[in-house]
Amino acid sequence: MANDTTGRLFEASEPAHYHDLPACLDTAWRMLAEGATDRRSAFHAPMASSVGLDGRPRVRVVILRGCDPASRRLRFHTDRRSDKFAELARHPAIALTAYDAAAKIQVRIEGEASLHTDDAVADDAWDASRRFSRICYGVEPAPGVAIADGGGFRLPEADDEINAGRAHFAAVVIEARTLEFLYLASAGHRRARFSFGDPAEAMPIEATWLAP
Ligand SMILES: Cc1cc2nc3c(=O)[nH]c(=O)nc-3n(C[C@H](O)[C@H](O)[C@H](O)COP(=O)(O)O)c2cc1C
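Keep in mind the model is a prediction, meaning the values are calculated, not measured.

(A) Representation of the side chain of Lys-84 in the model. With respect to the secondary-structure elements, Lys-84 resides in helix α2 (residues 83-90). For the buried Lys-84, which has no salt bridge, the nearest side chain bearing the opposite charge is Glu-87, at an N-O separation of 7.7 Å. Dropping the residues within four chain positions of it, Lys-84 is found in contact with Arg-60, Phe-76 and Thr-78.

(B) Looking closely at the packing of aromatic side chains. Evaluation of the coordinates by the stated rule reveals four aromatic pairs. For the ring pair Trp-126 and Tyr-137, a centre distance of 6.2 Å and an interplane angle of 70° mean the geometry is edge-to-face. Here the residue Trp-126 occupies a position in helix α3 (residues 120-128), and Tyr-137 occupies one in the loop between α4 (131-134) and α5 (159-164), the gap between them amounting to 11 residues. We classify Trp-126 as buried; its relative accessible area is 6%. Pairing Trp-126 with Phe-169 gives two aromatic rings, centres 5.2 Å apart and planes at 65°, and the pair type is edge-to-face. Taken together, the residues Trp-126 in helix α3 and Phe-169 in strand β9 (residues 169-183) connect sequence positions 43 residues apart.

(C) Structural view of the side chain of Arg-134. Checked against the element boundaries, Arg-134 lands in helix α4. At 4.5 Å, Asp-127 is the nearest oppositely charged side chain to Arg-134, a buried residue that forms no salt bridge. For Arg-134, the side chain forms a polar contact with the side chain of Asn-163, separated by 3.5 Å. Not counting the four nearest positions on each side in its chain, Arg-134 is found in contact with Trp-126, Asp-127, Ser-129, Ile-162 and Asn-163.

What counts, and where the lines are drawn
- Residues numbered from 1 in each chain as written.
- Predicted model: local features only at pLDDT ≥ 70, side-chain atom pairs only at ≥ 80, totals over all residues.
- Heavy atoms only, no water.
- Helix = DSSP H or I, 4+ residues; strand = E, 2+ residues; numbered from the N terminus.
- Buried < 20%, exposed > 50% of the residue type's maximum accessible area, 1.4 Å probe, protein only.
- Lys, Arg positive; Asp, Glu negative; His and termini not counted.
- Salt bridge = Lys/Arg side-chain N within 4 Å of Asp/Glu carboxyl O.
- Contact = heavy atoms within 4.5 Å.
- Phe/Tyr/Trp six-rings, centres within 6.5 Å; stacked < 30°, edge-to-face > 60°.
- Polar contact = N/O pair within 3.5 Å; in protein donor to acceptor, adjacent residues only side chain to side chain.

By themselves, these figures tell us nothing about what the structure is for.
Now the structure itself:
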């Protein structure tokens with residue numbers, strides 16, 4: 001037996017987030033932070049949703065490149081010429097969803113996206129990117145342009161051409177406003193929601209269990 005933060009005893013085989021609300025938030029941020037650094041993590045490739053220019057939902061997989069639980073910020077990279085960039089420039093509302101089937105944990109984040117193209121955030125992200133990742137930003141024609149056949153595009157090969165892709169590179173930083181945690185368990189699922197207030201605060205202003 002072990003103690004959770006409310007002092008209640010529970011079976012040690014049950015994870016802390018089964019009974020303990022703060023532990024749900026800790027687990028969520030730990031998994032997101034691992035997702036940003038560990039390519040084998042299921043949280044490495046979450047789904048990011050935006051509001052389409054026609055008002056309809058748009059969703060796609062992105063690679064999680066950064067996560068700072070203290071500031072509630074997450075980061076992914078994209079091409080400035082992509083639809084999602086135009087969508088987020090028009091409407092910064094964004095949702096991010098990750099699911100780890102082995103851990104049976106889903107995390108859903110809703111927040112605001114800021115687009116970084118020519119500032120230190122973008123420079124640092126570009127500098128930390130591997131050559132293999134940088135190549136994508138030199139694709140011609142631009143992402144999403146219709147082409148006559150599947151191979152009808154060109155990727156840069158020479159270093160100067162690859163580095164010219166910096167002009168198309170953007171870092172998207174998400175500031176989480178709400179985080180929802182869902183843990184699937186045969187004995188009963190656990191669902192929790194956290195809402196955040198002041199941008200500088202990592203502590204939620206509201207935390208509650210939800211019926212699953
Ligand atoms: C595993 C995986 C990882 C991806 N990572 C990214 C990414 O980090 N950034 C990105 O812009 N697109 C990424 N994509 C491609 C997007 O899912 C999407 O197809 C593309 O960006 C076009 O989206 P848009 O038209 O909504 O802009 C990834 C796709 C897969 C399957």
